[in-house]
Number of protein chains: 2
Amino acid sequence: MLAAARAAFAERGYDGASIRAIAGAAGVDPALVHHYFGTKDALFLAAVQAPVDPDEFLPAVLSGPPEERGAAVVRTVLRVWDGPGRPAALALVRSAVNHERSAAMLREFVLVKIIRRVIGSLDMPREEREARGALVASQVAGLVLMRYVLRLEPLASAPAEEVVAAVAPTLQRYLTGEVTLPTRRD
Amino acid sequence: MLAAARAAFAERGYDGASIRAIAGAAGVDPALVHHYFGTKDALFLAAVQAPVDPDEFLPAVLSGPPEERGAAVVRTVLRVWDGPGRPAALALVRSAVNHERSAAMLREFVLVKIIRRVIGSLDMPREEREARGALVASQVAGLVLMRYVLRLEPLASAPAEEVVAAVAPTLQRYLTGEVTLPTRRD
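Since the structure is predicted, the reported quantities are computational estimates derived from the model, not experimental observations.

(A) Quick look at the nonpolar core. The biggest cluster of nonpolar side chains holds 140 residues, and the ones touching the most others in it are A:Phe9, A:Val167, B:Phe9, B:Val74, B:Trp81 and B:Val167. Those residues in contact with B:Val167 that lie beyond four places of it in its chain are A:Leu135, A:Arg173, A:Tyr174, B:Val74, B:Gln139 and B:Leu143.

Here it is in structure tokens:
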């Protein structure tokens, strides 16, 4: 079931993949998928092997005022990566960099479970939300890469709050500030 | 020789590794290393398997005025990644994410061959240069990850100049603007 779910989410995206189709590909009854995983959301989390469920920490990020959201995002990312979930998070990044399908899964995870919720609460057109979300993701991903993977100093050992102070203004601009938005060319 | 060079650069860093020690570890005469690679710099480039030699494009980045350096950095990164060097650059990133030693090599490469030169021309204390350089590297690395590895839209397909317009102000702030600098804790 998880293999079928990974294939479906990677190929058709979160929105395009249905529990019915995943069950069909796995040769089981859709009721069995529901029995094991409950919702499509829970099946997706299990398929991605996410180290944490964003639903556990996103409410705290979103509870503050919009003008402090940049700092809240950085602080939360560092808390997850400085916590016990780091090995699993690192495994997820490694897998995404190594395999196209894992990259597609992680992209869907970042898009559906994080960006949509962090930006979803801001009142703006969908295309603007996607563009701002991708810019936020680019700074967050690079921070993680430098602090936890390449371990480039001083980012590797600096106290979390110093990193928040340095990077939060960037995220705040991407979230709510003045930005020339990149547009998709299909 | 390359294996010995990789071990030395990863363990002792670019500054700490000497051609004499590398030759010793490889069981050859230092003159042979010089004969094959010329300088320590050239040996380092070969050991990293860098897709491009930063010396070829950094002069163009550094020739403009300091207040346009952020845009010049993004433009140059996109030119390299949109060019024929992408597969080799991707291989470098994959290797760094998978192996500690490769991560150390890439960190040295980013630090010695790129950050030092881009920021080296700005007049400020060494610690400030390192902190600003690491912040620049974090945004650049994340942009590369989202545009070329995860292929997150609209960053994946947006025209280069739109990406430059969106991200350059971030790099400009990290390079020369007001930033609370993160500090190393050893």
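(B) Representation of the relation of the copies chain B and chain A within the structure. The two copies are related by a screw motion: chain B maps onto chain A through a turn of 180° and a shift of 0.0 Å along the axis, at an RMSD of 0.0 Å. In short, the pair behaves as if placed about a two-fold rotation axis. No C-alpha of chain B lies nearer the rotation axis than that of B:Gly142, which sits 1.8 Å from it.

(C) Spatial organisation of the interface of chain B and chain A. With 47 residues of chain B at the interface, the matching set in chain A holds 47 residues. Contact between chain B and chain A buries roughly 4,300 Å² in total, counting both sides, with carbon and sulfur atoms accounting for 64%. On the chain B side of the contact with chain A, B:Val97, B:Leu150 and B:Leu152 bury the most area, a combined 15% of that side's loss. Along the contact surface separating chain B from chain A lie 2 salt bridges. A salt bridge links A:Arg185 to B:Glu162; the shortest N-O distance between them is 2.8 Å. Here chain B is connected to chain A by 21 residue pairs in polar contact (both at pLDDT 80 or more). Those elements giving two or more residues to the side of chain B that touches chain A turn out to be helix H7 (86–98), helix H8 (100–120), helix H9 (126–149) and helix H10 (160–176) of chain B. A breakdown of the residues in the side of chain B that touches chain A according to their chemical character gives 30 nonpolar, 8 polar and 9 charged.

(D) Quick look at the UniProt feature "domain: HTH tetR-type" (unreviewed entry) in chain A. Mapped onto the present numbering, the UniProt feature "domain: HTH tetR-type" (unreviewed entry) falls at residues 1–55 of chain A. In residues 1–55 of chain A, the share of helix is 76% and the share of strand is 0%. The end C-alpha atoms are 23 Å apart.

(E) How the structure looks around the side chain of B:Gln139. Topologically, B:Gln139 is positioned in helix H9. You can call B:Gln139 buried: its relative accessible area is 0%. When near neighbours in sequence (up to four residues on either side) are disregarded, B:Gln139 contacts A:Ser138, A:Gln139, A:Thr170, A:Tyr174, B:Val167, B:Thr170, B:Leu171 and B:Tyr174.

(F) Structural context of the domain arrangement of chain A. Residue and element names in this part refer to chain A. Partitioning chain A into structural domains gives domain 1 (2–48) and domain 2 (54–176). Between the C-alpha centres of domain 1 and domain 2 the distance comes to 25 Å. Taken together, the contact pairs 13 residues of domain 1 with 12 residues of domain 2. Across the interface of domain 1 and domain 2, roughly 1,100 Å² is buried in total on both sides, 67% from carbon and sulfur atoms. In terms of surface lost to domain 2, no three residues of domain 1 exceed Ala 10, Phe 44 and Val 48, which account for 44% of the buried area on that side.

(G) Representation of helix H10 (residues 160–176) of chain A. Spanning 17 residues, H10(A) covers 23 Å between terminal C-alpha atoms, matching the ideal 24 Å at 1.5 Å per step. The largest bend in H10(A) is about 40°, located at A:Val167, with the proline A:Pro169 one to four residues further on. When H10(A) is considered as a whole, its buried residues turn out to be A:Glu162, A:Val163, A:Val164, A:Ala166, A:Val167, A:Ala168, A:Thr170, A:Leu171, A:Gln172, A:Arg173, A:Tyr174 and A:Leu175. Elements in contact with the buried residues of H10(A): helix H6 (69–81), helix H8 (100–120) and helix H9 (126–149) of chain A together with H9 and H10 of chain B.

(H) Looking closely at the side chain of A:Gln172. All names here are of chain A. Along the polypeptide, Gln 172 turns up in helix H10. One polar contact links the side chain of Gln 172 to the main-chain amide nitrogen of Gly 70, over a distance of 2.7 Å. Not counting the four nearest positions on each side in its chain, Gln 172 is found in contact with Pro 66, Glu 67, Glu 68, Arg 69, Gly 70 and Gly 177.

(I) Summary view of the packing of aromatic side chains. Residues and elements named next belong to chain A. A complete count under the given rule lists 10 aromatic pairs over all chains for this structure. A ring pair is formed by Phe 9 and Tyr 14, whose centres lie 5.9 Å apart and whose planes are at 10°; its orientation type is stacked. On the basis of relative accessibility, which here comes to 0%, the residue Phe 9 falls in the buried class. On the accessibility criterion, Tyr 14 (12% relative accessible area) is buried. Between Phe 9 and Phe 44 the ring centres are 4.8 Å apart and the planes differ by 70°, which places this aromatic pair in the edge-to-face class. Placement of the pair is Phe 9 in helix H1 (residues 2–16) and Phe 44 in helix H4 (residues 40–48), with a sequence separation of 35 residues. Side by side, Phe 9 and Phe 44 carry an identical accessibility label, which is buried. Cluster of aromatic residues (ring-pair linked, three or more members): Phe 9, Tyr 14, Phe 44 and Phe 109. Over the ring of Tyr 14 we find Lys 40, and its NZ or CZ is 4.8 Å from the ring centre.

(J) Representation of unusual backbone geometry in the model. Look at the link from A:Glu153 to A:Pro154: it is a cis peptide, with omega at 5°. With respect to the secondary-structure elements, A:Pro154 resides in the loop between H9 and H10. Backbone geometry at B:Arg151 places phi at a positive 55°, although glycine is not the residue there. For B:Arg151, the location among the structural elements is in the loop between H9 and H10.

Analysis parameters
- All residue numbers here refer to positions counted from 1 along the written sequence of the relevant chain.
- Numbering of ligands from 1 and lettering of chains from A proceed in the order in which they are written.
- The predicted origin of the model limits local features to residues at a pLDDT of at least 70 and limits the giving and counting of side-chain atom pairs to 80 or more, whereas totals for whole chains, interfaces and linings rest on all residues.
- With hydrogens and water stripped out, all remaining heavy atoms of the structure feed into the side-chain values.
- Nonpolar cores were defined as sets of buried Ala, Val, Leu, Ile, Met, Phe, Trp, Tyr and Cys residues, with membership established by side-chain atoms within 4.5 Å.
- Each residue is placed in one exposure class: buried if its accessible area under a 1.4 Å probe, protein chains only, is under 20% of its type's maximum, exposed if it is over 50%, and partly exposed if it falls in between.
- Whether two residues are in contact is decided by their heavy atoms: any pair within 4.5 Å suffices.
- Least squares is the method for superposing the copies, and the C-alpha atoms it fits come from residues with pLDDT of at least 70 in both.
- Here the quantity called buried area is the accessible surface, traced with a 1.4 Å probe, that two parts lose on coming together, added over both.
- The term salt bridge refers to a side-chain nitrogen of Lys or Arg lying within 4 Å of a carboxyl oxygen of Asp or Glu.
- Counted as a polar contact is a pair of N or O atoms within 3.5 Å, where, for protein atoms, one must be capable of donating a hydrogen and the other of accepting one, and residues adjacent in sequence contribute only when both atoms are in side chains.
- Starting at the N terminus, helices and strands are each numbered in turn, a helix being any DSSP run of H or I of at least four residues and a strand any DSSP run of E of at least two.
- Ten residues, namely Ala, Val, Leu, Ile, Met, Phe, Trp, Tyr, Cys and Pro, are considered nonpolar, four, namely Asp, Glu, Lys and Arg, are considered charged, and the remaining ones, Gly among them, are considered polar.
- UniProt positions are given in the numbering used here, feature names are shortened, and annotations may be inferred rather than shown by experiment.
- Marked domain ranges trace back to an automatic or database domain assignment.
- Helix span is expected to be 1.5 Å times the residue number reduced by one.
- Each residue is assigned a bend, namely the angle between axes fitted to the seven residues that terminate at it and the seven residues that start at it.
- Only Phe, Tyr and Trp rings take part, Trp by its six-membered ring, and two of them pair if their centres are within 6.5 Å. Stacked means planes under 30 degrees apart, edge-to-face means over 60, and tilted covers everything else.
- Lysine and arginine charges are scored as sitting over a ring when NZ or CZ, respectively, is within 6 Å of the ring centre and within 35 degrees of the ring normal.

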